[in-house]
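Residue-level listing of the chains:
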Amino acid sequence: MDSGTLGLYAYINTQNLKKMRASDNRMEETKLKKPHFVFIHGAGGGSWCWYKIKCLMHNSGYTVTCIDLKGAGIDLSDPTKILSFDEYNKPLIDFLLTLPDHEQVVLVGHSAGGLSLTDASHKFPKKIALAVYVAATMLKHGFSTEQDVKDGVPDVSEFGDVYDFEYGLGPDQPPTSGIVKKELERKLIYNMSPPEDVTLAAMLLRPAPFYAFQKAKFKEGTESVEKVPRVYIKTKYDRVLKPEQQDKMIEKWPPSNVYVIESDHSPNFSNPFILCGILVNAYVSMDHTCT
C-alpha cells in the first residue's frame, strides 16, 4: 500500500472518529444516556468477530457485550448436535433474562444473527431499545414460508460447491452443520477485509448449525415485535447476502431507517470506523432519552 493510500485511510478514520465524538456530544447536550450495545455474530462466527468494534466503542465510553451463541466461539458445544433454533439462541435469551426489567440494550446482529435479533424481539420487546440488522436476515416470522427462505438464505450458487457439510443425523438426512470452504472464505465473505482479519477468521470460524437455522420460525400474532425500533445496515458489495436480497427483506418488513455502508459481507472487519459511526448515529436518531 503506497503512502498516498495510507494517508487517505488515516484521513477517513480521523473524520469518522470526529463524527463519533460529535454524536457523543449530542448525547451529552440532549441528556441521552450512552447505550449498552450487545453484538451477535453470524453463522460460524463468534464474539471474536467484533473485536475491532468493541475496542472502538469501549474507547468511546460505551458498554459492550459480545455473545457466543451455542456451538460458536468459545462455547464447546458441537454445532452438529444443535438441532433447534431455541437451543442455538439460548445464550442470548439467557443474557436478556438476567437484565433488570428497567434496563434496555441495543441489539446488533450480523448475517444469520438477524434471526437471533428477531427471536429476542418477539420474546423481550421491552428490553430492546433498538435492533440493528447488519447485512442480516430480517424476517418477521423467520423461515415460515418458501419466500422467506428465498429472501433470507444467502444465494451463493454462482460460486459452485461452497460448503463442507456434516451429517449428524445420518448420510441420508439433511446436513446438520456446514462451513464455507477455506479456499473460498476470502473471495466470498471477506473480499474487502484486511488480510490479517481474513487470517484470523480462517483460524476461528466453526461449522454453523444449519439444521437449527431451518427451525427459526417465529409465531404469527405476536405483534409485540413491532414495538421494537429497527434499522438496517445494507452492505453495498456483499457477495453472501446480496444487496437485492437485503432490499427484498427491507421492502417486506420496513425498518425505520436504512443505512448503506461500502463494505463486503463483514463491515466489522472491512469498514469498522464507519460501522461504529452508523451504530451510534442510529441510536441517537431514535431519541432515547434518560428516564
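Within each chain, residue numbers correspond to sequence positions counted from 1 in written order. Only residues with pLDDT of at least 70 get local features here, since the model is predicted, and only at 80 or more are side-chain atom pairs given and counted; chain-wide, interface and lining totals rely on the full set of residues. Remark: hydrogens and water are excluded; side-chain values derive from all non-hydrogen atoms of the structure.

1. With respect to the overall build of the chain
Then, number 1: Helix and strand counts for the chain stand at 12 helices and eight strands.
Then, number 2: Each residue is assigned to one of three classes by its accessible area relative to the maximum for its type, calculated with a 1.4 Å probe on protein chains only: buried under 20%, partly exposed between the two thresholds, exposed over 50%. Within the chain, the proportion of its 291 residues that are buried is 54%.
Then, number 3: Contacts are assigned to residue pairs that have any heavy atoms within 4.5 Å of one another. Long-range contacts, defined here as pairs at least 24 residues apart, represent 74% of the contacts in the chain between residues at least 6 apart.
Then, number 4: What sets the accessible areas is the Shrake-Rupley method with a 1.4 Å probe; for residues, cover comes only from the shown protein chains. Approximately 13,600 Å² of the chain is accessible, and the part contributed by carbon and sulfur atoms is 55%. By definition, any uninterrupted DSSP run of H or I lasting at least four residues is a helix, any uninterrupted run of E lasting at least two residues is a strand, and each is numbered from the N terminus.

2. A few points about the packing of aromatic side chains
Then, number 1: When the centres of two rings from Phe, Tyr and Trp lie within 6.5 Å, Trp using its six-membered ring, the rings pair. Their planes under 30 degrees apart give stacked, over 60 give edge-to-face, and anything left gives tilted. Overall, the coordinates contain 14 aromatic pairs when judged by the stated rule.
Then, number 2: For the pair F39 and W50, a centre-to-centre distance of 4.7 Å together with 40° between the ring planes defines the contact as tilted. Placement of F39 in strand 1 (residues 36-40) and of W50 in the loop between strand 1 and helix 2 (51-59) is noted, with a sequence separation of 11 residues between them.
Then, number 3: Residue classification places F39 among the buried residues on the basis of a relative accessible area of 0%.

3. A short note on helix 10 (residues 243-252)
Residue pairs spaced three or four apart in an α-helix point in one direction, given the helix's 3.6 residues per turn.
Then, number 1: For helix 10, the full list of buried residues reads P243, Q245, Q246, M249 and I250. End-on, the buried residues of helix 10 take up no more than an arc of 160°, which puts them together on one face.
Then, number 2: Where helix 10 is buried, its residues contact helix 6 (146-152), strand 7 (230-235) and strand 8 (257-261). The arc refers to the directions leading from the helix axis to the C-beta atoms.

4. Regarding unusual backbone geometry
Then, number 1: Of note, S111 is a non-glycine position whose phi angle comes to about 55°, a positive value.
Then, number 2: Considering the arrangement of structural elements, one finds S111 in the loop between strand 3 (105-110) and helix 5 (113-123).

5. Remarks on the state of the cysteines
Then, number 1: Any two cysteine sulfur atoms within 2.5 Å of one another count as a disulfide. This model, assessed by the stated rule, comprises zero disulfides.
Then, number 2: Cysteine C66 shares no disulfide, and the gap to the nearest cysteine sulfur, in C49, comes to 9.4 Å.

6. With respect to the pattern of salt bridges
Then, number 1: Salt bridges are defined as contacts in which a side-chain nitrogen from Lys or Arg sits within 4 Å of a carboxyl oxygen from Asp or Glu. By the definition in use, this model includes 13 salt bridges.
Then, number 2: Residue D148 is joined to K252 by a salt bridge in which the shortest nitrogen-to-oxygen separation is 2.5 Å. One end of the pair, D148, is in helix 6; the other, K252, is in helix 10, and 104 residues separate them in sequence.
Then, number 3: K242 serves as the salt-bridge partner of E158, at 3.4 Å between the closest nitrogen and oxygen.

7. Concerning helix 4 (residues 90-98)
Then, number 1: Restricting attention to buried positions, one finds in helix 4 the residues L92, I93, F95 and L96. For helix 4, the angular spread of the buried residues around the axis is 160°, confining them to a single face. Every exposed residue of helix 4 that faces more than 90 degrees away from the buried side is listed here: L97 and T98.
Then, number 2: Among the structural elements, strand 1, strand 2 (63-67), strand 3 and helix 5 are those in contact with the buried residues of helix 4.

8. Some thoughts on the environment of L139
Then, number 1: Along the chain, L139 turns up in the loop between strand 4 (128-134) and helix 6.
Then, number 2: A residue is classified by how much of its surface remains accessible, and L139, at 3% relative accessible area, is buried.
Then, number 3: Taking the C-alpha atoms as reference points, L139 and W253, 114 residues apart in sequence, are found 7.1 Å from one another.
Then, number 4: Setting aside anything within four residues of it in sequence, one finds L139 in contact with T118, D148, G152, F218, M249 and W253.

9. Some thoughts on the side chain of K181
Then, number 1: Positionally, K181 belongs in the loop between strand 6 (177-180) and helix 7 (185-188).
Then, number 2: With residues up to four places along the chain from it excluded, the contact list for K181 reads D161, V162, Y163 and D164.

10. A look at the confidence of the model for the chain
Then, number 1: Across the chain, the average pLDDT comes to 90, with 86% of residues at or above 70.
Then, number 2: pLDDT expresses how confident the predictor is about each individual residue, on a scale running from 0 to 100. Within the model, pLDDT remains below 50 along residues 1-12, and this stretch shows two contacts once partners closer than five positions in the same chain are excluded.

11. Details of the sheet that holds strand 3
Then, number 1: When DSSP finds two or more bridges between a pair of strands, those strands are recorded as paired. The strand order across the open sheet formed by six strands is 2-1-3-4-7-8, and the pairing between neighbours is parallel. Of all strands in the sheet, those with a lone pairing partner are strand 2 and strand 8, marking the two edges. Averaged over all adjacent pairs, the angle separating strand axes in this sheet is 20°, with direction ignored.
Then, number 2: Two elements, strand 1 and strand 2, share five bridges in a ladder whose sense is parallel. Considered in strand 2, the bridge of F39 is made with C66. To obtain each axis, a line is fitted to C-alpha atoms, and for helices this fit is confined to the stretch in contact; angles are then taken between N-to-C directions over 0 to 180 degrees.

12. With respect to the environment of A112
Then, number 1: Topologically, A112 is positioned in the loop between strand 3 and helix 5.
Then, number 2: Taking the relative accessible area as the measure of exposure, A112 reaches 10% and is therefore buried.
Then, number 3: For the pair A112 and P154, spaced 42 residues apart in sequence, the C-alpha to C-alpha distance is 9.4 Å.
Then, number 4: What A112 contacts, discounting residues up to four positions off in sequence, is G42, A43, T137 and F213.

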